[in-house]
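Breakdown of the fold
Residues per chain, in single letters:
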Amino acid sequence: MASVFEYAPAPESRSVVDIAPSYGLFIDGEFTDAADGKVFKTVSPSSEEVLAEVAQAGAADVDRAVKAARRAFEKWSALPGSERAKYLFRIARIIQERSRELAVLETLDNGKPIRETRDADLPLVAAHFFYYAGWADKLGHAGYGADPRPLGVAGQVIPWNFPLLMLAWKIAPALAAGNTVVLKPAETTPLSALFFADICRQAGLPKGVVNIIPGYGDAGAELVAHPDVNKVAFTGSTAVGKAIARQIAGTDKKVTLELGGKGANIVFDDAPIDQAVEGIVNGIFFNQGQVCCAGSRLLVQESIHDELLDSLKRRLSTLRLGDPLDKNTDIGAINSADQLARITALAETGEAEGAERWSPACELPSSGYWFAPTLFTNVTQAHTVARDEIFGPVLSVLTFRTPDEAVAKANNSQYGLSAGIWTEKGSRILAVANQLRAGVVWANTFNKFDPTSPFGGYKESGFGREGGRHGLEGYLDV
């Protein structure tokens, strides 16, 4: 995209990560082939290059992994919390030591810019393991009774948008609480989870405590349904979350669901325009908008609509789309051909329904999966682009006149995961935030995360919380 500055290419070296031609399932401390011998290929979204061949877990492999986790549970749960903490601290330190390698790997397998994996994802991954290592010997002070007990085997299914970070959100509290884990990464991004398996071996984690089984949705369904799984944790689409809720109904399994979102970013007329524009860009174009809590609905007070929109369009014209391994890149590749097709179809629906579409001048690479940053204006609450989660770099712009109207429009969604408020008045921030039905409300910022802070949603955005002291509850018998 056009810029007053010309940026010379600044690619991160691929040589810092050594990707093997093939990977097995990680069960009971060893890499092993799938029982039926099935494999699948994982490709780089920016180039469509095949990165590796990965074993595809089936029902027999899920059963093997759960049995390994069950065998490991007795000794792992009996360890003093201070001993479990040592392993978590060791894992956190190894993640820090290998952070450059893991950042490059995540960018290759996921498509997001190296600046995001290097500066956001990996520091947060390590921070979560450090944080929950600190809790491991203090569970009696977490507010869930004097001697809370672990549940047993946790079956965890994670998405492709933040593969390593979602792994950390789930595995760190599970291990701190004394549970063992079987984790299924997304089929389009299995590599960082398999590298994490190697980190577990490097840290000397006892066999069977963590098991990683790449595969498709059928493997996830087998894991959720397995009778010896005590806890289910899922991050992903609302449709799959509903299916999981139906599947475990009538069982004694504990469940945490972190599902879709359609976050409202509310800008009042006294907000600092330049600061708000940066927050809007970060809210929807971070990770190409493939974020469950993305600020995909922009609610602007009518009196500043034109000024804000002009400033936003100028800012979008300076974003750099291209090679995710280039340190100057702002917008990387869409994760898969299927996701690109969904984003494209929903954007075309927005145009067909009468919303006005705008994108900055942008040359898309010839190979890979790419979508230009897109704005929709003249949007009403009835438009599909204002209701459905697009999960891409697409922003719908609506207007409001009064704070009450802003709150009503923000809450007019089946989702309730996140929201943002932009104003110079602290009293307005508190008054509006108190009325928003969203699990996370940011004030004069967006997409800020910390391991000490709980994250989760209302309504069709799921239930339960991950992160903070609250993130332990889902892994304890309370």
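The structure reproduced in this document is the subject of the present report. Please read these numbers as outputs of a predicted model, since none were measured by experiment.

Concerning the state of the cysteines
- As enumerated under the stated definition, the model contains zero disulfides in all.
- Free of any disulfide, C292 has its nearest neighbouring cysteine sulfur in C293, separated by 4.7 Å.

What to know about the sheet that holds strand β1 (residues 22-23)
- Overall, mixed pairing links the three strands, which are arranged β1-β5-β4 in an open sheet. Whereas interior strands pair on both sides, the edge strands pair on one side only; in this sheet they are β1 and β4 (39-43).
- Bridge count between β1 and strand β5 (residues 50-55): two bridges; the pairing is parallel. Looking at the pairing, S22 lines up with E53 of β5.

As for the side chain of T235
- Among the secondary structure elements, T235 is positioned in strand β10 (residues 231-235).
- At 2.5 Å, the side chain of T235 forms a polar contact with the side chain of K170.
- For T235, the contacting residues outside a window of four places in its chain are V157, I158, P159, M166, K170, E258 and E466.

What about the sheet that holds strand β18 (residues 418-422)?
- With respect to topology, seven strands assemble into an open sheet ordered β14-β15-β16-β13-β12-β18-β19, the strand pairing being mixed. Edge positions in the sheet fall to β14 (356-358) and β19 (440-443), since each of these pairs with one other strand and no more. Between one strand and the next, the sheet's axes are offset by a mean angle of 20 degrees, whatever the strand orientation.
- Strand direction decides the pairing type here: β14 and strand β15 (residues 374-377), joined by three bridges, are antiparallel. Residue pairing for β15: R357 is matched across the bridge by F376.
- Running over the sheet, helix α13 (residues 403-411) touches β12 (264-267), β13 (297-301) and β16 (394-400) and is turned about 170 degrees from β13.

With respect to the pairing of β10
- Across the five residues that make up β10, a large majority, five, are buried.
- Burial of the side chains of β10 extends over both faces: K231, A233 and T235 are buried on one face and V232 and F234 on the other.
- Sheet analysis places strand β7 (residues 153-157) next to β10, joined by four bridges and oriented parallel. Residue pairing across strands places A154 opposite K231, the latter belonging to β10.
- In this structure, β10 lies alongside strand β11 (residues 254-258), joined through five bridges in parallel fashion. Residue pairing across strands places F234 opposite L257, the latter belonging to β11.
- For the crossover that starts at β10, traverses helix α8 (residues 238-248) and ends in the parallel β11, the hand is right-handed.

Notes on helix α3 (residues 99-110)
- Here α3 spans 16 Å end to end across twelve residues, near enough to the 16 Å set by a 1.5 Å rise per residue.
- In terms of burial, α3 is a largely internal element, ten of the twelve residues being buried.
- Listed as buried for α3 are E101, L102, A103, V104, L105, E106, T107, L108, D109 and N110.
- The inward-facing, buried residues of α3 abut β4, β5, α2 (81-97), α4 (114-135), α5 (163-176) and α6 (191-202).
- Positive phi shows up at G111, right after α3, with a value of about 100 degrees.

Focus on the pairing of β19
- Here β19 shows one buried face, formed by V440 and W442, and one open face, formed by V441 and A443.
- Here four bridges tie β18 to β19, and the two strands are oriented parallel to one another. Following the sheet pairing, I421 is matched in β19 by A443.
- Once you follow β18 into helix α14 (residues 426-433) and on to β19, the crossover reads as right-handed.

About the cut-offs
- Residues numbered from 1 in each chain as written.
- Predicted model: local features only at pLDDT ≥ 70, side-chain atom pairs only at ≥ 80, totals over all residues.
- Heavy atoms only, no water.
- Disulfide = S-S within 2.5 Å.
- Pairing = 2+ DSSP bridges.
- Helix = DSSP H or I, 4+ residues; strand = E, 2+ residues; numbered from the N terminus.
- Polar contact = N/O pair within 3.5 Å; in protein donor to acceptor, adjacent residues only side chain to side chain.
- Contact = heavy atoms within 4.5 Å.
- Axes fitted to C-alpha atoms, helices over the stretch in contact; angles between N-to-C directions.
- Buried < 20%, exposed > 50% of the residue type's maximum accessible area, 1.4 Å probe, protein only.
- Right-handed = clockwise from strand over helix to strand, strands pointing away.
- Expected span 1.5 Å × (residues − 1).

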